Amino acid sequence: MAWLGSASLVAALLTALYAAGASLYGGIAGERRWVLSGRRAVYCMAALLALAMAVLEAAFIRSDFSFELVARNSSEATPAFYKVTAMWSSQEGSLLLWVFLLSVYSTVVLALLRNRLREIAPYATAVLSAIAVFFLALVVFAESPFTTLAAVPADGQGLNPLLRHPAMMIHPPLVYSGYVGFSIPFAFAIGALITRRTGAEWIQATRRYALIAWTFLGFGIMLGALWSYTELGWGGYWAWDPVENASLMPWLTGTAFIHSVMIQEKRGMLRRWNASLIAATFVLALLGTFLVRSGILDSIHAFGASTLGKPFLGFIAVVLVGSVALIASRWESLRSEGRIDSLMSREAVFAGNNLVLVGICFVVFWGTFFPLISEAVTGTESTVGPPWFNRYVTPLALVLVLLAAIGPLFAWRRMTARALRRAFLAPGALTLAALVAMLALTPAAESPTSLLMFSFVAFLLGVVVQEFSRGVSARRTMTGQGRLAALGGLVSRNRRRYGGYIVHSGIALLFLGVAASSAFVEQRDARLAPGESIRVGDYTLTYREPTARILDDRSGTGAPVTLGAAIEAEKDGKRFKLLPSRNYYGAPEPEEDAPFRGFFEGEATSEVDVRWGLVRDLWVAVQPDLGALEAPIAEADREFRDLPADAQGLLVAAIAERFRRAPSEVNVRVLVSPLIAWIWIGSGIAVLGALVALWPEGRRPLAGLYAARVGREAREPAPA
Amino acid sequence: MDPRRKRKLRLAVLLSVALMLAAALVYTSFSAATETRQPSEVLASAEKGRSYELTGKVVDGSVDRGDDMLRFRIRDRAGTESVPVEYTGAVPDPFREGREVIVTGELRDGVFVAERDSLVTKCPSKFTNADDS
């Protein structure tokens, strides 16, 4: 079947080339027929890529090890869920996924566009097809996912055990959907620049895609953090690692973009800024794909050394130089229509928030590329650690939350001091009350930055509640509905605005979780003998007994051996049991004279046990001491090295049983993190808010009357 | 003040603030950074009391898990010169002989004494095989 996959990729490449050419010619010559033909070619490309994806997925599901990719990333024993998702754990598969998602996005945007944006759309189609051409050329000529093996192995190598976590399998497609999604507004921005139609129409047509991309990317980043917290066994969720940073950067500029386009829609301002921002976001998205792809993960020195480095860097350079040149050549037609009249206006707050977001992005960029920068400047490679990042990002994040809090209080254009006072009164009082409560009841004062962040979060939530309650009472006066009905009506008629507020509350809660858990976490590492206890925070943990399981790990990753500890935790007289463990996946090719040792070497991963809580998490990881097993393993290797494979399993089970019977010491790491759950809850709320903002709005017969009542936000243009 | 001058002034203030921030960023990144060295470089020219980021591969057969201290040797990525490391704290899951690791610390009497919890194992990239990373 591999020939079918290869053939469809070649056909897709030719189709993409044709789509780019036909759309471009149709746009320049004004030939509708060619434009239409180019558009249909995009649909056709999407169908061909869907076929290629189906062929590859089928090979993974059938465990067809004649596919080199399947043999390398899957195996008979790999659980079904991980067989399906193993497709994108390889470089080749993930490149195919990238271009497949691009073709899906392009198809959807073009199909929904119908006959609008006649001038811009052909160029946008050409840009999207050109991006597809690049990625397709990579999978056809350099990194084919359909390479076959002449000698078909009996079994595959299996999926990297570290990746066997649900969050890690959904994470790549989400992040990719984010990266790829930004190519839609980018392509239309380029089309708008070429045709000099630089008003708000390209934004109205694509802002929804920017928001979709933003939501996917944000959700993907969050799942990556959750994976780090529950799977990596170090207890953190963010380490300012180059790959994490790579995904954060386009998200930051994307956040700036979805805010600043509102100013262009409403006031005709910031056109140059918006065009530059979306170009930067797309370049950063490509860079993000590249950083992971290039092997920079393994070593910063692999930069450009991998086979993909040169074409990828070349493509990024073309996109960057092309965008800059295009924006520069259209500089005059990008002149703003309006100006910021007053610093006491919503557009001024938006502009401020944009600067802060781009500032954070710059900090992250500088720190991520510092090894390369310092090597170029001083000749020695140096790195900056998390403290350096935190030093700059923390104050910027504080300003960001403050601006997000006060934004809704300001009207467009300008605002009188009196109106401002009135708007600030209730949220200000709430913040003060929260501050007093925190000082009196919690140790929050020990960390001034956290205290500041908590206050800003309280203020933001106060503002959001005030906005909702004002809207609800205005609506009740007008329609005479009950509270709940009025709330439903309010949100469903102003989805973008109130969805945005929900997102803000979610992000504020996320910041609350980050601030509280990083300032007030209690951590202890200890080595415990059976029966020994340690105290961490308000918890007393006692190591009761070792645990051992064969082919039965709790998260179903297919680990042959799982060793761990039963730990009893006690707080305020309440007792509960925690079962942290470690999965041993065995060496892929154990030495011939030591088959049993092989079972306990090779890859191993932590199976952390977390007692989740809204107030605090209790997080425990163990590292069992295999010293006690040295003797039985050596004995088994000596006496039974020629045992057939199925009998080996029984003996391994016996060794594991011995581990359980003869308790040895374990190394444990215990974390008590206050409010850390709000990071995940806040992210969830933010995604929910984004969905509210994205949901298509129906007709609104009452719009005029309603607008007159609610007032200032009224003339929002109907979403495209 | 007339609005045009006011705008210009605002822009000037904004630009200078941004410039100052950028300058601080550049300055601190160079002064706060720890230099990345390979074992042979550390052995040849380590200043006393200065901390370095040591990067290289874990030497086969050198790992010794003591009671609360992990001892191992790190060698050059392409080479055989190696330096002994003493480490305390959490050991990341992917830590393995032959793997590339980074650890921060300083050289004391020929032994690289690592800071607590500073051991980072370069992720076995999901895009390459675990064995050839």
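This structure is a prediction, so every number in the text was calculated from the model and none was measured.

Chemist: I keep staring at the overall build of chain A and nothing clicks. Help me out?
Modeler: Looking only at helices and strands, chain A features 24 helices and eleven strands. Radius of gyration (C-alpha) of chain A: 28 Å, near the 27 Å computed for a compact globule of 720 residues. Taking the principal axes of the C-alpha coordinates as reference, chain A spans close to 85 × 70 × 60 Å. Within chain A, residue pairs in contact and separated by at least 24 positions form 76% of the contacts whose partners lie at least 6 positions apart.

Chemist: Help me understand the overall build of chain B, please; the structure alone is not making it clear to me.
Modeler: Assigned secondary structure in chain B consists of two helices and eight strands. Overall, chain B shows an N-to-C arrangement of helices and strands of α-β-α-β-β-β-β-β-β-β. Out of the 133 residues in chain B, the part that is buried amounts to 32%. Considering only intrachain contacts with a sequence separation of at least 6, the fraction spanning at least 24 residues in chain B is 45%.

Chemist: Just checking my understanding: could you explain the environment of Tyr25(A) for this structure?
Modeler: Residues and elements named next belong to chain A. Looking at the element boundaries, Tyr-25 is found in helix H1 (residues 2–29). Here the alpha-carbon distance between Tyr-25 and Tyr-123, two residues 98 residues apart in the chain, equals 9.2 Å. Not counting residues up to four positions away in its chain, the partners in contact with Tyr-25 are Glu-31 and Trp-34.

Chemist: Explain the confidence of the model for chain A here, please?
Modeler: The predicted coordinates should not be examined in detail at positions where pLDDT is low. Per-residue pLDDT for chain A averages 87, and the proportion of residues at 70 or more is 95%. Low pLDDT (under 50) marks residues 711–720 of chain A, which in the prediction has ten contacts with non-local residues, meaning those over four places away or in another chain.

Chemist: Mind showing me how you'd approach the sheet that holds strand S11 (residues 666–674) of chain A here?
Modeler: Strand pairing in a sheet relies on backbone hydrogen bonds, with the paired strands running either antiparallel or parallel. Residue and element names in this part refer to chain A. With antiparallel pairing, the four strands of this open sheet are ordered in space as S2-S11-S10-S9. Of all strands in the sheet, those with a lone pairing partner are strand S2 (522–528) and strand S9 (609–611), marking the two edges. Mean inter-strand twist for the sheet, computed between neighbouring axes without regard to direction, equals 15°. As judged from the seven bridges shared by S2 and S11, these two strands associate in the antiparallel manner. Paired with Arg-527 across the strands is Asn-667, a residue of S11.

Chemist: Which parts of the structure should I look at to understand the domain arrangement of chain B?
Modeler: Put simply, an interface is often sized by how much accessible area is lost when its parts join up. Per the domain assignment, the segments of chain B are domain 1 (1–33) and domain 2 (36–121). Spacing between the C-alpha centres of domain 1 of chain B and domain 2 of chain B amounts to 41 Å.

Chemist: So what exactly am I meant to see when it comes to the confidence of the model for chain B here?
Modeler: Residue and element names in this part refer to chain B. Considering every residue of chain B, the mean pLDDT works out to 79; 89% of them sit at 70 or more. Put simply, strand S8 (residues 120–121) is where chain B has its lowest mean pLDDT, 76, and strand S5 (residues 82–87) is where it has its highest, 91. Predicted confidence is poor over residues 124–133, with pLDDT under 50, and the contacts of this stretch with residues over four places away or in other chains come to 23 contacts. Interface confidence in the predicted complex, given as ipTM, is 0.73; pTM for the same model is 0.88.

Chemist: It is not clear to me how the pairing of strand S4 (residues 539–550) of chain A should be interpreted in this structure. Could you clarify?
Modeler: Residue and element names in this part refer to chain A. Pairing of strand S3 (residues 533–536) with S4 involves four bridges; the strand directions are antiparallel. Looking at the pairing, Arg-535 lines up with Thr-540 of S4. Following S3, the chain reverses through two residues before pairing antiparallel with S4; Gly-537 in that reversal takes a positive phi of roughly 60°. Note that S4 and strand S5 (residues 561–571) share ten bridges and pair antiparallel.

Chemist: Help me understand the domain arrangement of chain A, please; the structure alone is not making it clear to me.
Modeler: All names here are of chain A. Parsing chain A into structural domains produces domain 1 (1–164), domain 2 (169–183 + 194–274 + 287–412), domain 3 (416–458 + 471–520 + 679–710) and domain 4 (522–675). On the domain 4 side, the residues contacting the five residues of domain 2 number nine residues. Broken down by class, the residue content of the side of domain 2 that touches domain 4 amounts to one nonpolar, three polar and one charged.

Chemist: Whenever I open this one, the pairing of strand S7 (residues 111–114) of chain B confuses me. Can you help?
Modeler: For a regular strand, side chains alternate in direction, first toward one face of the sheet and then toward the other. All names here are of chain B. Burial along S7 is one-sided: Phe-112 and Ala-114 are buried, while Val-111 and Val-113, pointing the other way, are not. Taken together, the two bridges between S5 and S7 define a ladder with parallel strand orientation. The partner of Glu-86 across the bridge, within S7, is Val-113. Judged from the four bridges that link them, strand S6 (residues 100–108) and S7 form a sheet pairing that is antiparallel. When the sheet's bridge partners are listed, Leu-107 is paired in S7 with Phe-112. Hairpin connection, S6 to S7: the antiparallel pair is bridged by two residues, and Asp-109 has positive phi, about 50°.

Chemist: What is the right way to read helix H15 (residues 386–406) of chain A from this model?
Modeler: An ideal rise of 1.5 Å per residue puts 30 Å on 21 residues; H15(A) measures up with 30 Å between its terminal C-alpha atoms. Taken residue by residue, H15(A) has Trp388(A), Phe389(A), Tyr392(A), Leu400(A), Val401(A), Leu402(A), Leu403(A), Ala404(A), Ala405(A) and Ile406(A) as its buried positions. If you follow the buried residues of H15(A), they end up packed against helix H13 (346–368), helix H17 (448–479) and helix H19 (495–520) of chain A together with helix H1 (3–32) of chain B.

Chemist: In this structure, what is going on with helix H6 (residues 120–142) of chain A? I would like to understand it.
Modeler: In an α-helix there are 3.6 residues to a turn, and that puts residues three or four apart on one side. Relative to the 33 Å expected for 23 residues at 1.5 Å per residue, H6(A) spans 33 Å between its end C-alpha atoms, a close match to the ideal helical length. Of all 23 residues in H6(A), 18 are buried, a share of seventy percent or more.

Chemist: Looking at this structure, how should I read unusual backbone geometry?
Modeler: Leave glycine aside and you will find that most residues have negative phi; peptide bonds, for their part, are mostly trans. Of note, Trp240(A) is a non-glycine position whose phi angle comes to about 55°, a positive value. Within the fold, Trp240(A) resides in the loop between helix H9 (201–231) and helix H10 (242–267). Using a count of 18 C-beta atoms within 10 Å as the deciding quantity, one classes Trp240(A) as partly exposed. Of note, the phi angle at Asp109(B) is positive, near 50°, even though the residue is not glycine. Look at Asp109(B) and you get exposed, because 5 C-beta atoms sit within 10 Å.

Chemist: How should the packing of H6(A) against helix H8 (residues 183–194) of chain A be read in this particular structure?
Modeler: Describing two packed helices takes the angle between their axes plus the distance from one axis to the other. Residue and element names in this part refer to chain A. Relative to each other, H6 and H8 sit at 130°, their axes nearing to 8 Å. Relative to H8, H6 is oriented oblique. In terms of crossing hand, the pair formed by H6 and H8 is right-handed. Across the interface between the two elements, Ile-120, Ala-121, Tyr-123, Ala-124, Val-127, Leu-128 and Ile-131 of H6 pack against Ser-183, Ala-187, Phe-188, Ile-190, Gly-191, Ala-192 and Ile-194 of H8.

Chemist: Would you explain the nonpolar core in this entry?
Modeler: In globular proteins that are soluble, nonpolar side chains generally tend to be buried together. Residues and elements named next belong to chain A. Val-99, Val-401, Val-457 and Leu-460 are the most contacted members of the largest nonpolar core, which totals 192 residues. Here this core takes 18 residues from H9, the largest share from any one element. Ignoring anything within four residues of it in the chain, the contact list for Val-457 reads Val-401, Ala-508, Phe-511 and Leu-512. Counting 19 residues, the second largest nonpolar core, distinct from the first, contains Tyr-539, Leu-541, Tyr-543 and Leu-671.

About the cut-offs
- Residues numbered from 1 in each chain as written.
- Chains lettered and ligands numbered in written order.
- Predicted model: local features only at pLDDT ≥ 70, side-chain atom pairs only at ≥ 80, totals over all residues.
- Helix = DSSP H or I, 4+ residues; strand = E, 2+ residues; numbered from the N terminus.
- Rg over C-alpha atoms; globule rule 2.2 N^0.38 Å.
- Contact = placed C-beta atoms within 7 Å.
- Buried ≥ 20, exposed ≤ 12 C-beta atoms within 10 Å, placed from the backbone.
- pLDDT = per-residue confidence, 0-100.
- Pairing = 2+ DSSP bridges.
- Axes fitted to C-alpha atoms, helices over the stretch in contact; angles between N-to-C directions.
- Domains from an automatic or database assignment.
- Nonpolar A, V, L, I, M, F, W, Y, C, P; charged D, E, K, R; others polar.
- Expected span 1.5 Å × (residues − 1).
- Parallel < 35°, antiparallel > 145°, perpendicular 65-115°, else oblique.
- Left-handed = near helix turned anticlockwise from the far one by under 90°.
- Core = buried A, V, L, I, M, F, W, Y, C linked by C-beta atoms within 7 Å.

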